[in-house]
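Chains, contacts and geometry: an overview
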Amino acid sequence: MSNLNSNVIPSHAKVSDPGIDGFRKSFGDMKTATTGVCMTRPLGGMGHVVESVSQILRQLKWGSAAEQALKNLNFSMDAYQANQVLKQIQDPAVALGFFYWLKKQAGFKHDGHTYTTMVGILGRARQFGSINRLLDQMVKDECQPNVVTYNRLIHSYGRANYLNEAMNVFNQMQEIGCEPDRVTYCTLIDIHAKAGFLDVAMDLYQRMQAVGLSPDTFTYSVIINCLGKAGHLPAADRLFCEMVDHGCVPNLVTYNIMIALQAKARNYDSALKLYRDMQNAGFEPDKVTYSIVMEVLGHCGYLDEAEAIFGEMKRKNWVPDEPVYGLLVDLWGKAGNIEKAWRWYQAMLQAGLRPNVPTYNSLLSAFLRVHRLPDAYNLLQSMLDLGLNPSLQTYTLLLSYCTEGRSPYDMGICSQLMAVTGHPAHMFLLSMPSAGPDGRNVRDHVDKFLDMMHSEDRESKRGLVDAVVDFLHKSGLKEEAGSVWEVAAEKNVYPEAVREKSSCYWLINLHVMSDGTAVTALSRTLAWFRQQMLVSGISPSRIDIVTGWGRRSRVTGSSLVRQAVQDLLSIFSFPFFTENGNSGCFIGCGEPLNRWLLQSYVERMHLL
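Quantities reported herein were computed from a predicted structural model and do not represent experimental measurements.

This part is about the nonpolar core. By size, the foremost hydrophobic cluster in this structure holds 179 residues, and its most contacted members are Phe98, Leu510, Leu526 and Ile545. Formed jointly, this core draws a minimum of three residues from each of two domains, domain 1 (250-320) and domain 2 (497-607). Not counting the four nearest positions on each side in its chain, Leu526 is found in contact with Ile508, Ile543, Phe574, Trp596, Leu597, Val602 and Met605.

What follows is the structure in structure tokens.
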């Protein structure tokens, strides 16, 4: 056999790089169970082996049946082929079982590619204990992790919101002489900005430049996105201009990011101008672009025009997916046209698409807004029947409606719906202890729950905390409401709520909260200022309390938040004034503010 085929490698031969070897081989090798002799398959045999193994692993859970089926194939495989198989496996348990099974096969040796792929699979499943054991085994096999391996690990920690662990990996890789690349820095910048730690993100950006990694289009796009999402749109605009000035050409992704940021800031004219600039630069809109522009038009009140964009998208051979249909459901629902929202939901089903949880949430919100509780109940049941698990946002919607319930009947039905969701948030709320003398029991209860919700995105957690504090406050459980707020603030759920603009000049931003949460947050924050004064003797020179009506605010005109805050400040004679025509910003400063903060009732304002 060896004389007839020069491509066959004797079993005793040492192959220095099985991944490259597997890539170069034109023919796949099959090992017979009886003789142990490698037999060559025809051209394309390598793909046949990969497909055969992948099919078995797709059909069977890992166990004795899967092992026997693989044994019956009588095949041999190199690391390159193994990596192709691993990339096709969705179930982490199957992937890990297959990985370690291969490790025990005679003549097989994993390489850096298979280990790195396995790190990515386990990272998506957040199985960090298994990852650590895998990395230990990787080193024992004299297969040193490289920058791609570390990047995969950092990305996994970041997606699970374990930022300290991600930074530890970043530091460890440098200690062993593995230099971070652009992907490393961009991943860390992205995850910190999304979590609200913009200062860390920008520090990493500067460090990246300091080590000689100049930004490319991808890097600029990530930083622009980070700045914009953190609310620093002018800085994102400046960086976009800098990118162009430095000869770094924006791509479709960059334009999509900029359009989305302008849309989020409700600068709809600017968003549409960028859309036209993008087309003039020769870029054809993709599915993401169309979705953003539809959303912009919808928020401008041009829902018919948004539907026209949907038609254009189909004419350009972009097949609308579930999120696109879901967007139209959401837009019509928010516009109060429940019939139109329902028709788009039905159109999605007729297109053979399965609605996801956000789409159900949009429709659920629309039903609640017009008090169609039986329809809301049926919708929630159909969601469960499809095997979809209600999200944190689902529960938040129901809790908010329950808080504002117009009648005991409404509140009763909504309580039933909250229980039907089966979300852990319901048990958290039901088991909320009464506040003890120091509130420690409530704080511990909230602390454990937020740790359990660790991997939820910050906006979802913020929405739930807002609904819980509002509910507790309006239910008369104001001590509990204050404790929930304090723990959430400590855990950075509200990163922009309280910040120091300059030395001793503080901003309290309440305008994105419900009125009950705003009153609780303001009361506890002012109490915190008092405590700091008593401990350090340092007084704030000025405090701005923002409730809306500002030029950049999402809330214009009179609002429940503004009224509730003004009532609270008036009751306690807070020495405030407004300026520059912004009646939604209450300002206290100087000696009158300091004298007021020293009053003992400031500590207990939230109980009124």
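For the structure on display, the rule yields 26 salt bridges. A salt bridge links Asp216 to Arg182; its shortest N-O distance comes to 3.9 Å. Residue Asp216 is located in the loop between α11 (198-210) and α12 (217-229), and its partner Arg182 is located in helix α10 (residues 182-194); the two are separated by 34 residues in the primary sequence. Notably, a salt bridge pairs Lys491 with Asp451, separated by 2.9 Å at the nearest N-O pair.

According to UniProt, the feature "repeat: PPR" (unreviewed entry) maps to residues 111-145, 146-180, 181-215, 216-250, 251-285, 286-320, 321-355 and 356-390 in the numbering used here. Secondary structure across residues 181-215 comprises 74% helix and 0% strand; the distance between its end C-alpha atoms is 11 Å. The span residues 321-355 is 74% helix and 0% strand, and its two end C-alpha atoms sit 10 Å from each other.

Packed helices, taken two at a time, are described by the angle between their axes plus the distance between the axes. The contact between helix α9 (residues 163-175) and α10 brings their axes to 11 Å, and the two run at 160 degrees. In terms of axis orientation, α9 runs roughly antiparallel to α10. Read as a crossing pair, α9 and α10 show a hand that is left-handed. Across from Leu163, Ala166, Met167, Phe170 and Met173 in α9, the residues of α10 making contact are Thr184, Tyr185, Leu188, Ile191 and His192. In the contact of α9 with α10, the residues fall into 8 nonpolar, 2 polar and no charged.

Criteria and cut-off values
- Residues numbered from 1 in each chain as written.
- Predicted model: local features only at pLDDT ≥ 70, side-chain atom pairs only at ≥ 80, totals over all residues.
- Heavy atoms only, no water.
- Core = buried A, V, L, I, M, F, W, Y, C linked by side-chain atoms within 4.5 Å.
- Buried < 20%, exposed > 50% of the residue type's maximum accessible area, 1.4 Å probe, protein only.
- Domains from an automatic or database assignment.
- Contact = heavy atoms within 4.5 Å.
- Salt bridge = Lys/Arg side-chain N within 4 Å of Asp/Glu carboxyl O.
- Helix = DSSP H or I, 4+ residues; strand = E, 2+ residues; numbered from the N terminus.
- UniProt positions renumbered as here; feature names shortened; annotations may be inferred.
- Axes fitted to C-alpha atoms, helices over the stretch in contact; angles between N-to-C directions.
- Parallel < 35°, antiparallel > 145°, perpendicular 65-115°, else oblique.
- Left-handed = near helix turned anticlockwise from the far one by under 90°.
- Nonpolar A, V, L, I, M, F, W, Y, C, P; charged D, E, K, R; others polar.

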